[in-house]
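Given next are the chains, with one letter for each unit.
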Amino acid sequence: MKIAVLGGTGHIGIGLSLRLAIAGYEVIVGSRKGEKARQKAEEYTSMLESRGLNGVISGADNAKASELSDVAILAIPYSHVYKAAESLKEDLAGKIVITPVVPMEKKSRLFIYAPPPEGSAAEKIASILKDSRVVSAFQTVPAERFANLDERFEWDVPVCSDDDEAKRIVLEIVNSIDGLRGLDAGPLAASRLVEGLTPLLINISIRNKVKDLSVKFV
Ligand SMILES: NC(=O)c1ccc[n+]([C@@H]2O[C@H](COP(=O)([O-])OP(=O)(O)OC[C@H]3O[C@@H](n4cnc5c(N)ncnc54)[C@H](OP(=O)(O)O)[C@@H]3O)[C@@H](O)[C@H]2O)c1
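Given the structure is predicted, the values throughout are model-derived calculations rather than measurements.

Draft legend 1. Examining the overall build of the protein more closely. Across its full length, the protein holds 9 helices and 10 strands. By the compact-globule yardstick of 17 Å for 218 residues, the protein fits well, its C-alpha radius of gyration being 16 Å. Along the first, second and third principal axes, the C-alpha set of the protein runs to 40 × 40 × 30 Å. By residue count, 50% of the 218 residues in the protein fall in the buried class. When the accessible surface of the protein is split by element, carbon and sulfur atoms take 52% of a total near 10400 Å². Taking the average location of the 28 positive side-chain charges in the protein and that of its 29 negative ones, the two points are 7 Å from each other.

In structure tokens form, the structure reads like this:
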């Protein structure tokens with residue numbers, strides 16, 4: 001299965017690309033610039049090789065990466081992701097599209113969830129990508145620890161979608177990553193509950209001086 005990580009050059013994109021490649025998926029790092037994507041793909045491949053790990057990672061511009069993929073992850077900041085989704089609509093038609101996107105803003109010293117009128121980033125993305133199978137996941141995975149291959153963790157990843165088969169496939173993908181447990185969290189409309197956890201995690205991190213929190217349901 002080919003998984004495109006669009007914006008795979010960024011913070012959460014690094015960990016997703018490395019760990020999905022380790023799990024045995026063929027990863028295509030996507031970027032607005034094809035050359036940058038290819039450079040990052042080489043860099044990620046070297047990072048794996050230096051640890052004696054194998055992985056198939058290539059790079060392409062976001063449109064090409066989308067076209068080549070079976071599954072694409074929108075690892076793009078919320079302020080730009082809707083426009084990016086609009087421009088990739090045709091390339092993503094028929095594909096499973098995973099959104100880890102969290103719309104939030106900072107008010108005085110507090111991060112708050114700032115969803116669009118559709119109710120959540122996932123629902124807005126689904127309203128743009130009408131011909132794709134949108135699934136939300138990975139919102140509560142902290143990028144820095146996730147990208148560090150020396151880190152060991154046990155985190156839960158709630159997965160939401162209206163498409164049961166696509167949700168099952170994404171749960172399999174999540175569960176293939178060492179240390180992650182995918183959990184069915186309901187339809188896409190439930191994504192607002194999951195997206196809203198991220199500002200809570202960040203506020204707790206800052207106030208209690210504990211870095212990179214995630215979630216585990218016990
Ligand atoms: N950071 C986290 O801990 C974390 C955790 C879970 C979920 N998320 C979510 O994952 C998404 C990405 O977060 P991030 O922290 O990885 O973001 P980021 O590092 O700031 O950006 C990711 C990539 O987005 C691309 N990008 C930037 N501006 C763009 C634009 N105008 N149009 C299209 N692409 C653009 C860039 O790739 P190119 O320049 O190569 O095109 C960049 O490398 C966000 O929606 C966030 O809510 C983040």
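Draft legend 2. Representation of the side chain of serine 214. Within the secondary structure, serine 214 is located in the segment after helix 9 (197-208). At 2.8 Å, the side chain of serine 214 forms a polar contact with the backbone oxygen of threonine 140. Contacts of serine 214, omitting those with residues within four sequence positions, involve Thr140, Val141, Pro142, Trp155 and Leu201.

Draft legend 3. Structural context of the site of the ligand. Within the structure, the ligand sits among 21 residues, and Thr9, His11, Ser31, Lys36 and Ile76 are positioned closest to it. Here an oxygen atom of the ligand sits 2.7 Å away from a polar atom, N or O, in the side chain of threonine 9. Separating an oxygen atom of the ligand from a backbone N or O atom of isoleucine 76 is a distance of 2.8 Å. If the ligand stood free it would expose 890 Å²; the protein chains cover 78% of that surface.

Draft legend 4. Region of interest: the pattern of salt bridges. Following the criterion strictly, the structure yields 16 salt bridges and no others. Here glutamate 118 makes a salt bridge to lysine 124, at a shortest N to O gap of 3.8 Å. By relative accessible area, which is 32% here, glutamate 118 ends up partly exposed. Here glutamate 172 ties to arginine 168 by a salt bridge, and the two come within 3.1 Å at their closest N and O atoms. Remark: arginine 168 and glutamate 172 occur in helix 7 (residues 164-175); sequence separation between them is 4 residues, near one turn of the helix. Judged by relative accessible area, which is 47%, glutamate 172 ranks as partly exposed.

Draft legend 5. Quick look at the packing of aromatic side chains. Within this structure, the stated rule accounts for 2 aromatic pairs. Consider the rings of phenylalanine 146 and phenylalanine 153, whose centres lie 6.1 Å apart with planes at 45 degrees: the pair is tilted. Seen in terms of ring centroids, phenylalanine 153 and tryptophan 155 are 4.0 Å apart; in terms of plane orientation they differ by 5 degrees. Their pairing is stacked. These aromatic residues form a ring-pair network of at least three members: Phe146, Phe153 and Trp155. A cation over an aromatic ring shows up here: lysine 124 above the ring of tyrosine 82, its NZ or CZ 5.1 Å from the ring centre.

Draft legend 6. Structural context of helix 9. The end-to-end C-alpha distance of helix 9 is 16 Å, a good match for the 16 Å that 12 residues give at a rise of 1.5 Å each. For helix 9, the full list of buried residues reads Thr198, Pro199, Leu201, Asn203 and Ser205. Turning to helix 9, the residues buried within the fold contact strand 6 (104-107), strand 7 (110-113) and helix 8 (191-195). Note on helix 9: the residue one or two positions beyond its end, lysine 209, has a positive phi of about 50 degrees.

Draft legend 7. Region of interest: the sheet that holds strand 5 (residues 96-99). A sheet is described by the order of its strands in space; here 8 strands give the open sequence 3-2-1-4-5-8-9-10, paired in mixed fashion. Either end of the sheet is taken by a strand with one partner, and the two such strands are strand 3 (56-61) and strand 10 (180-186). Pairs of neighbouring strands in the sheet enclose a mean axial angle of 25 degrees, with direction left out of account. Two strands pair when backbone bridges link them, and strand 5 and strand 8 (residues 133-136) are joined in this way by 4 bridges, in the parallel orientation. By the bridge assignment for strand 8, threonine 99 is matched with serine 136. Strands strand 2 (26-31) and strand 3 of the sheet are contacted by helix 2 (residues 34-49), whose axis makes an angle of about 165 degrees with strand 3.

Criteria and thresholds
Residues numbered from 1 in each chain as written. Predicted model: local features only at pLDDT ≥ 70, side-chain atom pairs only at ≥ 80, totals over all residues. Heavy atoms only, no water. Helix = DSSP H or I, 4+ residues; strand = E, 2+ residues; numbered from the N terminus. Rg over C-alpha atoms; globule rule 2.2 N^0.38 Å. Buried < 20%, exposed > 50% of the residue type's maximum accessible area, 1.4 Å probe, protein only. Areas by Shrake-Rupley, 256 points an atom, 1.4 Å probe, with all protein chains shown as cover. Lys, Arg positive; Asp, Glu negative; His and termini not counted. Charge placed at Lys NZ, Arg CZ, Asp CG, Glu CD. Polar contact = N/O pair within 3.5 Å; in protein donor to acceptor, adjacent residues only side chain to side chain. Contact = heavy atoms within 4.5 Å. Near = heavy atom within 4 Å. Salt bridge = Lys/Arg side-chain N within 4 Å of Asp/Glu carboxyl O. Phe/Tyr/Trp six-rings, centres within 6.5 Å; stacked < 30°, edge-to-face > 60°. Lys NZ or Arg CZ within 6 Å of the ring centre and 35° of its normal. Expected span 1.5 Å × (residues − 1). Pairing = 2+ DSSP bridges. Axes fitted to C-alpha atoms, helices over the stretch in contact; angles between N-to-C directions.

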